[in-house]
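If you want the building blocks of each chain, they are given just below.
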Amino acid sequence: MPELPEVEVVRRGLARWVRGRTVTGVEVLDPRSIRRHALGTEDFIGNLEGATVLDVVRRGKFLWMPLSMAGPDTALPGTALMAHLGMSGQLLMQDPQVPDEKHLKVRIRLSASDGMPGQLRFVDQRIFGGLFVTSLIPTPDGGPGGLGETPLPEIAEEAAHIARDPLDPNFSFDEFYRKVKARRTGLKRALLDQSVISGIGNIYADEALWKARLHYARPTDKLRRGDAERLIEAARDVMNAALAAGGTSFDSLYVNVNGDSGYFARSLNAYGRAGEPCSRCEAAGLRGIIKREQFMNRSSYTCPICQPRPRNGRW
């Protein structure tokens with residue numbers, strides 16, 4: 001499943017290629033990939049053809065493109081094309097002469113622009129993802145709906161329930177800390193709770209906790225402010241490093257908008273490294289070995305030396 005840095009890599013690429021362009025045609029090759037658009041194929045196409053893409057916005061792992069039938073100067077768009085990547089969804093920019101991908105599901109033709117590919121293609125092997133048109137609603141705090149190129153104070157309805165993510169310029173540490181302290185749970189469980197903080201999945205939670213020297217079972221209601229600040233900074237550092245590399249790309253099906261895979265998996269310090277020496281402990285002359293433990297039907301990776309188990313942990 002793509003995590004926040006993977007989705008942000010796609011957002012940045014799409015913003016470069018599609019912002020300000022008009023949809024000139026839509027072809028749905030597999031209706032299963034627009035199943036979330038309840039009114040069907042004709043309505044989906046009708047909502048897109050003739051619309052101008054105003055921006056590409058992300059909150060957490062939610063990605064949407066605000067649309068306008070009135071051109072790029074509209075004040076508030078009202079609707080958006082929502083993209084759910086699922087396990088294997090890809091949004092690819094391609095020239096028309098490029099042969100169709102094997103698992104091409106939706107083709108969106110865009111108005112001509114110098115040096116830019118003419119088609120946005122949605123490719124999905126496992127068909128867990130999809131596209132649909134949705135309504136935009138005002139943000140509760142009046143701030144931008146998410147991270148985008150323009151500060152539109154609207155958010156896709158499906159993303160309105162989730163908190164801001166650590167890379168969002170409008171992220172509030174005070175609000176995050178208040179929510180965390182109000183929980184009586186383990187720290188990693190709180191990090192994976194989208195109502196507390198969005199965009200942090202299993203991989204980056206383990207990496208952020210390792211960098212912050214915190215165990216995943218630390219009780220949230222007893223978390224000191226300084227530890228919480230260190231954790232958020234660690235999450236930002238880890239995600240920004242992943243962005244620079246293009247994402248983790250554990251799944252060969254994950255590619256960015258240009259079809260390139262990420263390489264951050266080579267730089268992970270904890271996740272997936274069970275039985276290997278902890279690089280931080282090794283540098284300090286200690287014998288920390290990364291340990292894998294079962295966690296919420298998944299796995300957690302920690303170093304027992306620099307991330308000691310809490311005596312009053314919440315598992």
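Treat the numbers as computed from the prediction; the structure is a model and nothing was measured.

A. Broad picture of the overall build of the protein. Within the protein one finds seven helices and 12 strands. Seen through its C-alpha atoms, the protein measures out along the principal axes to roughly 60 × 40 × 35 Å. Put simply, the protein has 315 residues, and 56% of those count as buried. Partitioning the contacts of the protein with sequence separation of at least 6, the portion at a separation of at least 24 is 63%. Looking at the protein as shown, the accessible area adds up to about 13,800 Å², and 49% of this sits on carbon and sulfur atoms. Charge separation in the protein, taken as the distance between the mean sites of 43 positive and 37 negative side-chain charges, equals 10 Å.

B. Up close: helix 3 (residues 173-182). Among the residues of helix 3, those classed as buried are Phe173, Phe176, Tyr177, Lys179 and Val180. For helix 3, the arc enclosing every buried residue in end-on projection is 165°, short of the 170-degree limit, so these residues lie on one face. Exposed side of helix 3, more than 90 degrees from the buried face: Arg178 and Ala182 are the residues found there. At its buried positions, helix 3 is contacted by helix 6 (225-245).

C. The pairing of strand 8 (residues 119-124), seen in detail. In terms of burial, strand 8 is largely enclosed, as six of its six residues are buried. Alternating positions in strand 8 separate into two faces, Gln119, Arg121 and Val123 on one and Leu120, Phe122 and Asp124 on the other, with burial throughout. Relative to strand 8, strand 6 (residues 89-94) runs antiparallel, the two sharing six bridges. Bridge assignment links leucine 92 to a residue of strand 8, and that residue is arginine 121. Bridge count for strand 7 (residues 104-110) against strand 8 is five bridges, and the pairing is antiparallel. Bridging across to strand 8, arginine 107 finds its partner in arginine 121.

D. Structural view of the packing of aromatic side chains. Across all of its chains, the model carries six aromatic pairs by this definition. On the numbers, 5.8 Å between centres and 10° between planes, the contact of phenylalanine 173 with tyrosine 177 is stacked. Within this pair, phenylalanine 173 and its partner tyrosine 177 are both found in helix 3, separated by four residues, close to a single helical turn. Judged by relative accessible area, tyrosine 177 falls into the buried class, the value being 14%. On the numbers, 5.3 Å between centres and 70° between planes, the contact of tyrosine 216 with phenylalanine 295 is edge-to-face. One end of the pair, tyrosine 216, is in the loop between helix 5 (202-212) and helix 6; the other, phenylalanine 295, is in strand 11 (residues 291-295), with 79 residues separating them in the sequence. Given the relative accessible area of 4%, tyrosine 216 is considered buried.

E. Representation of the sheet that holds strand 1 (residues 23-28). Strand order across the open sheet formed by four strands is 1-7-8-6, with antiparallel pairing between neighbours. Since the sheet does not close on itself, it has two edges, and those belong to strand 1 and strand 6, each with one partner. Strand-to-strand, the axes of this sheet are offset by a mean angle of 15°, without reference to chain direction. On top of the sheet, helix 1 (residues 4-18) reaches strand 6, strand 7 and strand 8; it is set at about 30° to strand 6, its chief contact. Here helix 2 (residues 40-48) sits on the sheet in contact with strand 1 and strand 7, set at roughly 160° to strand 1.

About the criteria used
- Residues numbered from 1 in each chain as written.
- Predicted model: local features only at pLDDT ≥ 70, side-chain atom pairs only at ≥ 80, totals over all residues.
- Heavy atoms only, no water.
- Helix = DSSP H or I, 4+ residues; strand = E, 2+ residues; numbered from the N terminus.
- Buried < 20%, exposed > 50% of the residue type's maximum accessible area, 1.4 Å probe, protein only.
- Contact = heavy atoms within 4.5 Å.
- Areas by Shrake-Rupley, 256 points an atom, 1.4 Å probe, with all protein chains shown as cover.
- Lys, Arg positive; Asp, Glu negative; His and termini not counted.
- Charge placed at Lys NZ, Arg CZ, Asp CG, Glu CD.
- Arc of directions from axis to C-beta.
- Pairing = 2+ DSSP bridges.
- Phe/Tyr/Trp six-rings, centres within 6.5 Å; stacked < 30°, edge-to-face > 60°.
- Axes fitted to C-alpha atoms, helices over the stretch in contact; angles between N-to-C directions.

From the geometry alone we can't say anything about function, so treat these as descriptive.
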